[in-house]
Amino acid sequence: MLPPAIWESKEVRDAVAAESPGAVVAIARKAHGLRQDELGTLAGFSQSAISRLEAGSNIAYDMRVLRTLQRLLGIPAHLLGLTDRTVPMRSGEARSLGAGGLEALANDLVVGMEGKALMALCASAVFGTGNSNGVMTGDAVSQLLVLRRIVNDAHNWRGTGALMPAVRNMYDFIDVLRRNARGDVRRRLLGTGAMYAEFYGWLHEEIGDMRGAAAWTSRALEQGQAADDRDVVAYCYVRMSQLAEVDGDDDRVIGLARAAQRETGLSPIVRAMALRQEARGLARAGQDACMPRFDLAQSLVLNAERPQTDEYSIGYCFTELHVQMQRAASMVDLADHQRAINAYTELMPRWGSICQWEQGVHTARLAYAHAANGDVEQAVDFGFAALDLARATGSQLIVHELDRLDPWSATPAIAELAAEVSQLR
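In every chain, residue numbers begin from 1 and rise along the written sequence. Where local features are concerned, this predicted model is filtered to residues with pLDDT of at least 70; where side-chain atom pairs are given and counted, the filter is 80 or more; whole-chain, interface and lining totals use all residues. Computation of side-chain values: all heavy atoms of the structure, hydrogens and water removed.

Participant: How do you make sense of the nonpolar core when you look at a structure like this?
Facilitator: The tendency in soluble globular proteins is for nonpolar side chains to be buried side by side. Each nonpolar core is a collection of buried residues, namely Ala, Val, Leu, Ile, Met, Phe, Trp, Tyr and Cys, held together in the definition by side-chain atoms within 4.5 Å. With a 1.4 Å probe rolled over the protein chains alone, any residue whose accessible area is under 20% of its type maximum counts as buried; one over 50% counts as exposed, and the rest are partly exposed. Counting 128 residues, the largest nonpolar core has Leu69 and Ile75 as the members making the most contacts within it. Contacts between residues were defined by any pair of non-hydrogen atoms, one from each residue, lying within 4.5 Å. Filtering out sequence-adjacent residues up to four positions away, Ile75 remains in contact with Trp7, Val24, Val25, Ala28, Gln70 and Leu80.

Participant: I keep staring at the packing of aromatic side chains and nothing clicks. Help me out?
Facilitator: Two measures describe an aromatic ring pair: the distance that separates the ring centres and the angle between the ring planes. Only rings of Phe, Tyr and Trp enter the pairing, Trp through its six-membered ring, and a pair is recorded when the two centres are within 6.5 Å. The plane angle decides the type: under 30 degrees is stacked, over 60 is edge-to-face, the rest tilted. In this structure the tally under the stated criterion is 6 aromatic pairs. Aromatic side chains Tyr200 and Trp216 sit 4.7 Å apart centroid to centroid with 85° between the ring planes, which places their arrangement in the edge-to-face category. On the criterion of sequence distance, the pair formed by Tyr200 in helix H10 (residues 183-206) and Trp216 in helix H11 (residues 210-227) is long-range, its members being 16 residues apart. As far as the burial class goes, Tyr200 and Trp216 line up, both buried. Ring geometry for Tyr368 versus Trp408: centroids 5.6 Å apart, planes at 80°, classification edge-to-face. Of the two residues, Tyr368 is situated in helix H18 (residues 356-372) and Trp408 in the loop between helix H20 (396-402) and helix H21 (412-422); the sequence distance between them amounts to 40 residues. Looking at Tyr368, the relative accessible area reads 17%, which means it is buried. In textbook terms, an aromatic cluster arises when at least three aromatic residues are bridged by ring pairs, as seen for Tyr171, Tyr200 and Trp216. Two thresholds decide whether a charge sits over a ring: the Lys NZ or Arg CZ must be within 6 Å of the ring centre and within 35 degrees of the ring normal. In this structure, Arg148 is placed above the aromatic ring of Tyr196, and the distance from its NZ or CZ to the ring centre is 6.0 Å. Helix and strand assignments follow DSSP, with helices taken as H or I runs no shorter than four residues and strands as E runs no shorter than two, numbered in order from the N terminus.

Participant: Would you explain the packing of H10 against H11 in this entry?
Facilitator: How two helices pack is summed up by the angle between their axes together with the distance between the axes. Interaxial angle, 0 to 180 degrees, is taken between N-to-C directions of lines fitted to C-alpha atoms, where a helix line uses only the stretch in contact. Packing of H10 against H11 leaves a shortest axis separation of 8 Å and a crossing angle of 165°. Put simply, H10 runs roughly antiparallel to H11. For the pair H10 and H11, the crossing hand works out as left-handed. Here H10 contributes Arg187, Leu190, Gly191, Gly193, Ala194, Ala197, Glu198, Tyr200, Gly201, His204 and Glu205 to the contact with H11, which in turn contributes Met210, Gly212, Ala213, Trp216, Thr217, Ala220, Gln223, Gly224, Ala226 and Ala227. Lys, Arg, Asp and Glu make up the charged group, whereas Ala, Val, Leu, Ile, Met, Phe, Trp, Tyr, Cys and Pro make up the nonpolar group; the residues left over, Gly among them, are polar. A per-class count over the contact of H10 with H11 returns 10 nonpolar, 8 polar and 3 charged. When describing relative orientation, an angle under 35 degrees is termed roughly parallel and one over 145 degrees roughly antiparallel, while 65 to 115 degrees is termed roughly perpendicular and anything else oblique. Left-handed is the label given to a crossing in which the near helix is rotated counterclockwise from the far helix by less than a right angle, and right-handed is the label when the rotation is clockwise.

Structure follows, in structure tokens:
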């Protein structure tokens, strides 16, 4: 951690007075002796993104970006306009490849600088610095959950391919720790590992590897059950339901979402996610009964108390907007296309608060709604917007949605769009 005098300096005070969080980040980065590309590697951003942020571009006012950098650099939250309680990471320690005998382990598990940086953070969080006896620190599991959240946030801006090796390496690291732990620490590591396994399954789905997605989601379910973590278990059922949606098996979509809801002691957010998924299944089956489920899910989200912590928890970024977006998507499934267009249009000013792959999926669904409603010109516009997001994220989920425009491929513009989409498969 940096000395308190840094934050009391005239340079920092001037940056705060000028409402320039990018300048505060630059000061902290330099104080840690990090180059822009090194900070970008640790945070999951490009060097150019860090440069733009420090220069005062719009990215300097994105709360999610600032939260990640605040944790890594240990910046007092209020200096960046972040007022809630935070748990900063030991960013100075993150520059070495682990403590004690972990460097060899990191080299064995990791390929590429991004993975090495994340492994360094893992080692630093679990063992601290200068610890050669391999004893875990008291808050090791908590810090691993903070890292899980950082990786999740990075997924909003990084391509899936760049994250997959790092996430797998982090899972393997935690699995080694779990096998050598005992008692409650072992149980907590099981649950934490399950959260990494589930995310790894999600990344497989994004690149179109459904077999890998199913295998890793099943592994996460087993570990969640072994850890007796009901939120993890329920969410794995939700994920299995989403995989069944890709297969077009509406009965399994509904059944697995209901299995999630039968778990006891769920957080309101996880229960809302399960209700939303059940509603999706009902809509796909053509049942208007989906709408009361969306209503209940929205109520749960709006009334949920969220813990003030930087640790990852399932659904920490799940909001009422996610429910509303899926409600609009379900109107498309019910062939109520004009109503879906109206709902999406009303929500559009808020789309920037959801991650890019999800924006792409809903943009593609909106394109389909316009085509089905007879407005092919608008469908083309939204289709190409979704295509841009598919290229930026590498998400096959967006590509799958754009494939639904094939019935209109006789239209030259749709044919051109389809040809460009085919290049992403």
